[in-house]
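# Overview (structure and organization)
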Amino acid sequence: MTECPECGRAIEKQNLIEGEIFPCPDCGLELEVTSLAPFRVDTAPREAEDWGE
Amino acid sequence: MSETFTLGLFYTVIRPEEKWILEAAANRGIPVERLHDEAVTFPLVRNGFHADLVLNRSVSHSRSMYALRFFEHYGVPTVNAYDVVALCGDKVLTSLRLSEAGVPTPETVVALTPEAALKALDEVGYPAVLKPPVGSWGRLMAKVDDREEAEQIIEHKTALGSSMHSIFYVQEYVPKPERDLRVLVVGDEVVAAMYRFSKEWRTNAARGATTEPLVPSPELSELALRASEAVGGGVLAVDLMESPEGLVVHEVNHTPEFKALSGATGVDVASKIVDYAAEVARR
């Protein structure tokens, strides 16, 4: 268990994997799983000018 | 099915697409080496990774370009190939190649200075579309309705100061229905297609377009395959518009997102991509 860096909501590991991005269920901030053991999340990287498909 | 190769996944973030790719590889017994584009280093002599083939899922065009060139240098095949990404990542080069291959594409004029951009817009006629040569998700594109608006937009682009905004890619505005078509080609197969609907002229899923599955007509499939072949083939999303003169290809995307496409069509795109990567690795 960790918490959203923006709103402090508790975030459970569930079936998340390292590197996965997902929205915080409360504040909607895009988060990234930066580590599984220990479980850590941080704000997802911001979109850069050359990002795309 | 058990495979004897290790799949390298070069990625920026794990979106649903990358998670599905990892699952598809796991279901096939294919070991995956994760190569995070923020962490990997590239010496001139291969060192420190084991992948036999690298599947590029980085969202950064510049990171993809250098990384794929390094993998090529190491003798590691990639999906897609460096040349394909170099071409598809640059709208100018894509338009040239589509034109050379006789694939119908909107009228396009490129200008290298702000003054020439105004001339290019006059040549194409208003309304026209102004796009950065590199970029995606419909970002920083502008529909230009008249000369006055053109002058203002070009002034703003010039003020941005980046090299990306000092080359002007001007395209005719295609009066299409409120939708475009996306066709996903994997190797020599059309694996899925959908309509993207938007009230806005840009129909990118990233901009909130809604989607509907599409059963591709023989004409659509043939055109998508020709566009894919023209740029070198691989895993490619071909975007088309219905112009009054018929279908035109306006983009070929080299690292396609497919969450919306899989959702709309039910096609397991991730498995198709992993199977194709395995096929390329066996060559």
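Notes on the structure follow. (Residues numbered from 1 in each chain as written. Chains lettered and ligands numbered in written order. Predicted model: local features only at pLDDT ≥ 70, side-chain atom pairs only at ≥ 80, totals over all residues. Heavy atoms only, no water.)

### Observations concerning the overall build of chain B
Scanning chain B for helices and strands turns up nine helices and 13 strands. Since a compact globule built from 283 residues should have a radius of gyration of about 19 Å, the 19 Å found for chain B is in line with a globular shape. If one aligns the C-alpha atoms of chain B with their principal axes, the spans along those axes are about 60 × 45 × 30 Å. Out of the 283 residues belonging to chain B, those deemed buried represent 55%. By sequence separation, contacts in chain B at least 24 residues apart represent 67% of the contacts at least 6 residues apart. For chain B, the accessible area works out to roughly 12200 Å², and carbon and sulfur atoms hold 53% of it. Treating the 28 positive side-chain charges of chain B as one cloud and the 40 negative ones as another, the clouds have centres 4 Å apart. (Helix = DSSP H or I, 4+ residues; strand = E, 2+ residues; numbered from the N terminus. Rg over C-alpha atoms; globule rule 2.2 N^0.38 Å. Buried < 20%, exposed > 50% of the residue type's maximum accessible area, 1.4 Å probe, protein only. Contact = heavy atoms within 4.5 Å. Areas by Shrake-Rupley, 256 points an atom, 1.4 Å probe, with all protein chains shown as cover. Lys, Arg positive; Asp, Glu negative; His and termini not counted. Charge placed at Lys NZ, Arg CZ, Asp CG, Glu CD.)

### A few points about the sheet that holds strand 7 (residues 142-144) of chain B
All names here are of chain B. Read across the open sheet, the four strands follow the order 5-8-6-7; overall the sheet is antiparallel. Of all strands in the sheet, those with a lone pairing partner are strand 5 (108-111) and strand 7, marking the two edges. Sheet twist, expressed as the mean angle between neighbouring strand axes with direction ignored, is 25°. Sheet analysis places strand 6 (residues 128-131) next to strand 7, joined by three bridges and oriented antiparallel. For Ala128, the partnering residue across the bridge sits in strand 7 and is Val144. Sitting on the sheet, helix 4 (residues 91-100) is in contact with strand 5, strand 6 and strand 8 (168-172), with an inclination near 45° to strand 8. Along the sheet, helix 5 (residues 114-124) makes contact with strand 5, strand 6, strand 7 and strand 8, crossing strand 8 at roughly 10°. (Pairing = 2+ DSSP bridges. Axes fitted to C-alpha atoms, helices over the stretch in contact; angles between N-to-C directions.)

### Describing the sheet that holds strand 5 (residues 39-43) of chain A
All names here are of chain A. Read across the sheet, three strands follow the order 3-4-5 without closing on themselves; strand pairing throughout is antiparallel. The sheet terminates laterally at strand 3 (21-23) and strand 5, the two strands that pair on one side only. Ignoring which end each strand starts from, the neighbouring axes of this sheet average 40° apart. Where strand 4 (residues 30-36) lies against strand 5, five bridges are found, and the strand directions are antiparallel. Across the sheet, residue Leu31 finds its bridge partner in strand 5, namely Thr43.

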